Amino acid sequence: MIEKYEIDFDSVPSPCYLLDERRLIKNLELLQRVAQESGAHVLCALKGYAMWSTFPLLKQYISGATVSSLHESKSIAEHWGEKAHACAPVYVSQEIDEILHNTSHITFNSLTQWERYKEKSIQAKVSPALRINPEYSEITTELYNPAGSECRLGVKADALAALPQGIEGLHFHVLCEQDSFVLERVLQKVEEKFGHLFSALKWINFGGGHHITRSDYDVDHLIALIKAFREKYDLEVFLEPGEAIGWETGYLVSEVQDIVPAGKKNIAMLDTSFTCHMPDCLEMPYKPYIVGAIEPNDFFPVYVMGGMTCLAGDQIGDYSFCGELKVGDRVVFHDMIHYTMVKNNTFNGVRLPSIAIWTSQDELKVIKSFDYDAYETRLS
């Protein structure tokens, strides 16, 4: 029924996030090339990809990681064995000491946060930066746009006539799955509004949202852009892609549990959930690709994929297959590694998917499975 690929999806537990190790290595090799040829440092942003069992592999190819919380910083300390870069909208007083202990660079979202933790940062010998808001972005989904004039993220140019004493870096993040030509236009705005501060800096972070590992991304243009910037300003440059690391590296394997008729369509009820396990599909929103699926047509039944929670909108459609779906068939969602595991939840008590790797030796390696404790320990 469902097209067979080189991965034996029938051997994978359901539901399960399945990482293809070979695809991950391919992405990492490309990111390593960007770093080597441009002179920039590539960091893994844990908010997009935090599969810590693969950190030893990532460490072979990229410079480190960016964290946004105490827990992420502890994960890097434990599983990467190095200090991280930190960038968060706000740091809380109960956690800042341990965050500083686990980091080498820290970005503050506001001047008031910098003033509050300035002395602690100096004592910890951490390199501090400010997040800036160039008030320019080409992101079309407002939920993901961090550059609006009323956005809470970053310091605007009118508040930075001069660089505060002690600040060593600037950090902007206004891309979302975009190319190097968008970055070029963003950089023009950043230079226009904040270029007068560059001579006092040691480093600048171009943030995330760089779709470097997408097949049509112009990597050579990115490399040239970074090199020209570094030569012009003599600054250390950091990139922190999250999706570029996990992009098209794996799947969410699910299984049909029921077929419910709904007018001219059918709803394939799955043992997974969009709201719990694939939230970006509903937030963006977008229709994910399913392995073996075809565009709906008049020759085959049309299916909506139904999640297993009671949320009415926990479904995505429309799909057809080269035949009818039946209970027990596997439905495999493509590109479900980045921004899935890091955002999943147990609404309705739904079981979290297992986590597994299809290794470069064509072997299935189940890393972790979840049971009642994963639900129970989140509540009390």
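So, here is what we can say about the structure in this document. All values derive from a computational prediction rather than experimental measurement.

Conventions we followed
- Residues numbered from 1 in each chain as written.
- Predicted model: local features only at pLDDT ≥ 70, side-chain atom pairs only at ≥ 80, totals over all residues.
- Heavy atoms only, no water.
- Helix = DSSP H or I, 4+ residues; strand = E, 2+ residues; numbered from the N terminus.
- Rg over C-alpha atoms; globule rule 2.2 N^0.38 Å.
- Buried < 20%, exposed > 50% of the residue type's maximum accessible area, 1.4 Å probe, protein only.
- Polar contact = N/O pair within 3.5 Å; in protein donor to acceptor, adjacent residues only side chain to side chain.
- Contact = heavy atoms within 4.5 Å.
- Patch = residues over 30% accessible without salt bridge, like charges linked within 9 Å, V, L, I, M, F, W, Y side chains within 5 Å.
- Areas by Shrake-Rupley, 256 points an atom, 1.4 Å probe, with all protein chains shown as cover.
- Salt bridge = Lys/Arg side-chain N within 4 Å of Asp/Glu carboxyl O.
- Pairing = 2+ DSSP bridges.
- Axes fitted to C-alpha atoms, helices over the stretch in contact; angles between N-to-C directions.

### Some thoughts on the overall build of the protein chain
Scanning the protein chain from terminus to terminus reveals 11 helices and 16 strands. For the protein chain, whose C-alpha radius of gyration is 22 Å, the value lies close to the compact-globule estimate of 21 Å for 380 residues. When its C-alpha atoms are laid out on the principal axes, the protein chain stretches across 65 × 45 × 45 Å. Within the protein chain, buried positions represent 54% of all 380 residues.

### As for the side chain of N102
Considering the arrangement of structural elements, one finds N102 in the loop between helix 4 (96–101) and strand 5 (103–108). Looking at N102, its side chain comes within polar contact range of the side chain of S73, at 3.2 Å. Apart from residues lying up to four places away in sequence, N102 is in contact with L70, S73, K74, A77, K83 and A84.

### A short note on a nonpolar patch on the surface
A surface patch of nonpolar side chains, amounting to about 330 Å² of accessible area, comprises Y372, Y375 and L379. Position of Y372 relative to the elements: it lies in helix 11 (residues 372–376).

### A few points about unusual backbone geometry
For the peptide bond that leads from M284 to P285, omega is -15°, which places it in the cis range. A cis amide bond links G317 to the next residue, D318, at an omega of 0°. With respect to the helices, strands and loops of the structure, D318 is situated in strand 13 (residues 315–319). For K125, which is not a glycine, the phi torsion comes out positive at approximately 60°. With respect to the helices and strands, the residue K125 is situated in the loop between helix 5 (111–124) and strand 6 (127–131). Residue K125 is classed as exposed on the basis of its relative accessible area of 75%. The backbone of E135 shows a phi angle near 55°, a positive value even though the residue is not glycine.

### Some words on the sheet that holds strand 8 (residues 203–205)
An order of 2-3-4-5-6-7-8-9 is seen for the 8 strands of this closed barrel, with the pairing classed as parallel. The sheet shows a mean angle of 25° between the axes of neighbouring strands, direction not considered. Where strand 7 (residues 169–171) lies against strand 8, 3 bridges are found, and the strand directions are parallel. By the bridge assignment for strand 8, H171 is matched with N205. Contacting strand 3 (64–67) and strand 4 (84–87), helix 3 (residues 70–79) runs over the sheet at an angle of about 165° to strand 3. In the packing of helix 5 onto the sheet, contacts are made with strand 5 and strand 6, and the angle to strand 5 comes to roughly 155°.

### Looking at the side chain of T359
Mapped onto the elements, T359 comes out in the loop between strand 15 (354–358) and strand 16 (364–368). Judged by its relative accessible area of 9%, T359 is buried.

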